[in-house]
Amino acid sequence: GQLVLDPAPFNLTEAIEDVATPVSTRAKEKDLELIVRVEPGLPRSFVGDVGRIRQIITNLLGNAVKFTDSGHVLVNVTLDGGNMLRFSVTDTGIGIPADKLKLVFEKFSQVDASSTRRHEGTGLGLAITSRLVDLMGGEIGVESEEGKGSTFWFTVSLPVADEFEREQ
Ligand code: ADP
């Protein structure tokens, strides 16, 4: 179970588009609006393991679409302080009961049996995602209200690849 990071410069917007594009097909099929917002003025490129970052966002975005039947899924990327990137995925889906919120990052955890029957899955995605965020020295969390929706977020502090290149 060894996970090793392979950091290199990557373009932030491209990385998000790479993961949002395949998910947008499924979102469209379910008639969900998929919104991606990258805070204006962010540095264009950071140094990090973009493959792992894509894996994390894919898991959160995949879950958001899977557990939402109507409304929207919003991906938001902001920069807190100097170089702390904050990614969040908000959905208007089934939500998670308060007493189950802490469990979702555990291995093989699924919120309930009926949801397991309706939504296929292994209960492993978020456990792996949370390990990857740990490995990058970041934090992961979730806020949710049953029946209203969920916001999964993670932070990761990455060096800016080129300080002078700014997104318009
Ligand atoms: P799975 O393969 O079952 O989706 P995950 O580890 O990715 O495994 O998620 C674990 C459980 O957390 C899910 O089975 C589901 O019960 C709950 N969950 C994860 N994301 C969401 C979400 N966006 N909305 C509601 N429930 C969620």
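The coordinates are above.
The paragraphs below set out a description of the structure included in this document. (Residues numbered from 1 in each chain as written. Predicted model: local features only at pLDDT ≥ 70, side-chain atom pairs only at ≥ 80, totals over all residues. Heavy atoms only, no water.)

### Brief notes about the sheet that holds strand β2 (residues 33-38)
Across the sheet, five strands lie side by side as β2-β4-β5-β7-β6; this open sheet has mixed pairing. Each edge of the sheet is formed by a strand with only one pairing partner; in this case those strands are β2 and β6 (139-145). Taken pair by pair, the neighbouring strands of this sheet meet at an average axis angle of 10°, ignoring direction. Pairing between β6 and strand β7 (residues 149-157): seven bridges, direction antiparallel. Opposite Glu 139, over in β7, you have Thr 155 as the bridge partner. (Pairing = 2+ DSSP bridges. Helix = DSSP H or I, 4+ residues; strand = E, 2+ residues; numbered from the N terminus. Axes fitted to C-alpha atoms, helices over the stretch in contact; angles between N-to-C directions.)

### Comments concerning helix α4 (residues 125-135)
Within the span of α4, buried status applies to Leu 126, Ala 127, Thr 129, Ser 130, Leu 132 and Val 133. For α4, the elements touching its buried residues are α2 (50-66), β6 and β7. Gly 137 sits one or two positions beyond α4 and adopts a positive phi of about 75°. (Buried < 20%, exposed > 50% of the residue type's maximum accessible area, 1.4 Å probe, protein only. Contact = heavy atoms within 4.5 Å.)

### A word on the packing of aromatic side chains
Enumeration over the complete set of coordinates arrives at two aromatic pairs. With a centroid separation of 4.6 Å and 5° between ring planes, the pair formed by Phe 87 and Phe 154 is classed as stacked. Remark: Phe 154 occurs in strand β7 and Phe 87 occurs in strand β5 (residues 84-91); sequence separation between them is 67 residues. Ring centres of Phe 105 and Phe 152 lie 6.1 Å apart, and the angle between their planes is 75°; this geometry places the pair in the edge-to-face category. Taken together, the residues span a long stretch of sequence, with Phe 105 in the loop between β5 and α3 (113-118) and Phe 152 in strand β7 at a distance of 47 residues. The pair Phe 105 / Phe 152 is uniform in exposure class, with both members buried. It is Arg 86 that lies over the ring of Trp 153; its NZ or CZ is 4.6 Å from the centre. (Phe/Tyr/Trp six-rings, centres within 6.5 Å; stacked < 30°, edge-to-face > 60°. Lys NZ or Arg CZ within 6 Å of the ring centre and 35° of its normal.)

None of the figures reported here should be taken as evidence of function without further support.
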